[in-house]
Amino acid sequence: AEQARSSGLLEICRRLGLEIQRKGSALYTSCPLHKDKTPSLSLDPKLGRSGLWHCFSCEGGGDAIELFMRARRMGFADAVRELVPVASHQVRLED
């Protein structure tokens, strides 16, 4: 799980196909959890172990793996399996 968290918020945003925009010193993108006309998801890649996010429209928030899980509508174990490359890491999870 720690290996999945170490993927980092910006890398996970890229994997989700989100375009990151800089507004001053802040980073924003459109929230993948709802229809977003203007970028409302704030990204702080330096907070926490993998970065934190907060959407000002839907009030969602969390760490990088939480964003991936919610955007892909999958559970923790499936998200970890997808985020940790099988070729380089053996991850054993009990469902």
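Conventions and cut-offs
Residues numbered from 1 in each chain as written. Predicted model: local features only at pLDDT ≥ 70, side-chain atom pairs only at ≥ 80, totals over all residues. Heavy atoms only, no water. Pairing = 2+ DSSP bridges. Helix = DSSP H or I, 4+ residues; strand = E, 2+ residues; numbered from the N terminus. Axes fitted to C-alpha atoms, helices over the stretch in contact; angles between N-to-C directions. Contact = heavy atoms within 4.5 Å. Phe/Tyr/Trp six-rings, centres within 6.5 Å; stacked < 30°, edge-to-face > 60°. Lys NZ or Arg CZ within 6 Å of the ring centre and 35° of its normal. pLDDT = per-residue confidence, 0-100.

1. Quick word on the sheet that holds strand β4 (residues 52-55)
By definition, the strands of a sheet pair up through backbone hydrogen bonds, in either a parallel or an antiparallel sense. Judged by pairing direction, the sheet is antiparallel, and its five strands sit side by side in the order β1-β2-β3-β4-β5 without closing on themselves. What marks the edges here is a single partner per strand, and that holds for β1 (21-23) and β5 (61-63). Strand-to-strand twist across the sheet, computed as the mean angle between neighbouring axes with direction ignored, equals 30°. Bridge count for strand β3 (residues 41-44) against β4 is four bridges, and the pairing is antiparallel. Counterpart to S42 in the pairing with β4 is H54. Across the face of the sheet, helix α3 (residues 64-72) comes into contact with β3, β4 and β5 while running at roughly 120° to β5.

2. So, the packing of aromatic side chains
This model, assessed by the stated rule, comprises zero aromatic pairs. Positioned above the aromatic ring of Y28, the side-chain terminus of K23 is 5.0 Å from the ring centre.

3. Let's talk about the confidence of the model for the protein
Confidence in the prediction of the protein, expressed as mean pLDDT, is 84, and 81% of residues score 70 or more. Within the protein, the element-level pLDDT minimum falls on helix α1 (residues 2-5), averaging 50, and the maximum on β4, averaging 96. Below pLDDT 50 for its whole length, residues 86-91 participates in five contacts with residues either more than four positions away or in separate chains.

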